[in-house]
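Residue strings, one per chain:
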Amino acid sequence: MFPSITVCNLNQVTHDFIKMFIPNLNIHKTDVLIEEFIVGREHNLTQKEETFVNFVKKKLGKKDFKYHSRQYCKHLFISILFQGMNLTWKEISHESGKKRIIGPMYHPTDYGSCCLLVPHLDLKPINESVTVEEMYRDLKADAVNGEKNGLEIVLDAEQYNYAESRSINVKAAGFKISLHHHQDKPMMQFSSQLIQAGTATQINLKPIISYTTNNAIGRFTPNERDCYANGEANLTYLVQKHGYRYQLNNCLIDRVIRDIIWECRCVPYLDLHNKNYLKFLPWCTGKGLHCLTKKLESINIEQTPLEKDETNDIMIGNLTKPMAIKCLPDCQLQENTIEMSYAQYPQPKNFFFGKTFCEMASHLRQKPCTEQKIKKIFLEGRYPNLCTIL
């Protein structure tokens, strides 16, 4: 099974987005927004800070701060090459909240706002006659040995647009990436690799497939064999109709979503499909976001959901508290051993004569240099006269 890839820019808040609310880029006000919408806070806001946060929320309206403060996938992926299919930033659909047509898509994770690329699906127009469940369940993500049969992507970190804040713990420029099954949501804190900006990185995968025999599945219960066979367990939030499957990692995320909703009393950003709770609860911000962060940090397979229930409430509005699920491994799973190697990128003497330079230069010239006026300020602050040269 050829993996999908989730890519997260280490920077979760762009400078140009902050400038829309804070024209003078006041560092304290920036910290207030970061703590309210990105990392969470334990303390109460002062009256002045609360007035400012409410002003931002009113200006945002129904827009999600976390969704719009990130680097969009269209600007993160400069080019994608996979099994004879090629896609550049120009062809990637703009993420407007409507159904995507082609290219990587917004994918929230425990790290924050990321982009998901399913190579066998995303490099060609989607067949809208099939459901999302059918699309992901029936996908034959076949793999062929050899470097030429792999996936090649060029990413732009846009370092010049990293927000400045004392509340963001960003110590490097680059990306977190996770390679995973296309029906799984990765936990970046447990299963990601760090990709440094300015490097060419090669990742080799060696899959290991483990399975439980049909005889053992038929003879023993899930608890006795310590695994679930296909169809024996169903998740509450990461459901099949949204493209997910039962898998241990998905189960742990599903369980923590339940804990966040019922114990933090807010709706987590981890899954955007389950919006029924928004009739009765807000999105997780401020203290609720701090509670969410602590729940994510405490994920542990050894803790059963029943032990973690801290409230006797069984209703939120007209929604009943779902039953807890005991998380067990799959009876058949693929695990990938990863080997990584690096080289300095680009090679200056040859870079300016290659296709990648043309794609990168056209993106800079048409987007930040022409269409994105605020971003242009930060680009030329870091690289004076670049837009004029291009």
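Everything below is about the structure shown above.
Residues numbered from 1 in each chain as written. Predicted model: local features only at pLDDT ≥ 70, side-chain atom pairs only at ≥ 80, totals over all residues. Heavy atoms only, no water.

**Here's the deal with the side chain of Gln 71**
Turning to step 1, where the next piece is worked out: Within the element layout of this structure, Gln 71 appears in the loop between helix H4 (65-68) and helix H5 (73-76).
Turning to step 2, where the next piece is worked out: You can call Gln 71 buried: its relative accessible area is 7%.
Turning to step 3, where the next piece is worked out: At 2.6 Å, the side chain of Gln 71 forms a polar contact with the side chain of Asn 9.
Turning to step 4, where the next piece is worked out: Setting aside chain neighbours within four positions, we find Gln 71 in contact with Asn 9, Thr 14, Leu 76, Asp 156, Ala 157 and Glu 158. (Helix = DSSP H or I, 4+ residues; strand = E, 2+ residues; numbered from the N terminus. Buried < 20%, exposed > 50% of the residue type's maximum accessible area, 1.4 Å probe, protein only. Polar contact = N/O pair within 3.5 Å; in protein donor to acceptor, adjacent residues only side chain to side chain. Contact = heavy atoms within 4.5 Å.)

**A short note on helix H12 (residues 286-297)**
Turning to step 1, where the next piece is worked out: The terminal C-alpha atoms of H12, which comprises 12 residues, lie 17 Å apart, in line with the 16 Å expected from a rise of 1.5 Å per residue.
Turning to step 2, where the next piece is worked out: The set of residues buried in H12 consists of Gly 286, Gly 288, Leu 289, His 290, Leu 292, Lys 295 and Leu 296.
Turning to step 3, where the next piece is worked out: Its buried side turned inward, H12 meets helix H2 (27-39), helix H8 (188-191) and helix H11 (248-264). (Expected span 1.5 Å × (residues − 1).)

**Describing the nonpolar core**
Turning to step 1, where the next piece is worked out: In this structure, Tyr 246, Ile 260, Ile 261 and Tyr 277 are the most contacted members of the largest nonpolar core, which totals 34 residues.
Turning to step 2, where the next piece is worked out: Take this core: its biggest share by element is 10 residues, from H11.
Turning to step 3, where the next piece is worked out: When near neighbours in sequence (up to four residues on either side) are disregarded, Ile 260 contacts Arg 265, Cys 266, Pro 268, Leu 270, Cys 284, Leu 292 and Lys 295.
Turning to step 4, where the next piece is worked out: Grouped together as the second largest cluster of nonpolar side chains are 21 residues, Ile 5, Cys 73, Ile 102 and Leu 123 included. (Core = buried A, V, L, I, M, F, W, Y, C linked by side-chain atoms within 4.5 Å.)

**Quick word on the state of the cysteines**
Turning to step 1, where the next piece is worked out: Applying the stated criterion to the full structure yields 7 disulfides.
Turning to step 2, where the next piece is worked out: Residue pairing for Cys 73: its cysteine sulfur links by disulfide to Cys 115, the two sulfurs lying 2.1 Å apart. One quick way to see it: the torsion about the S-S bond of Cys 73 and Cys 115 is about -105 degrees, and its sign makes the bridge left-handed. With Cys 73 in helix H5 and Cys 115 in strand E5 (residues 113-117), the pair connects residues that are 42 residues apart, well separated along the chain.
Turning to step 3, where the next piece is worked out: In this model, Cys 264 is linked to Cys 291 through a disulfide, with the two sulfur atoms separated by 1.9 Å. Sign of the S-S torsion, about -75 degrees for the bond between Cys 264 and Cys 291, identifies this disulfide as left-handed. Remark: Cys 291 occurs in helix H12 and Cys 264 occurs in helix H11; sequence separation between them is 27 residues.
Turning to step 4, where the next piece is worked out: Using a relative accessible area of 12% as the deciding quantity, one classes Cys 264 as buried. (Disulfide = S-S within 2.5 Å.)

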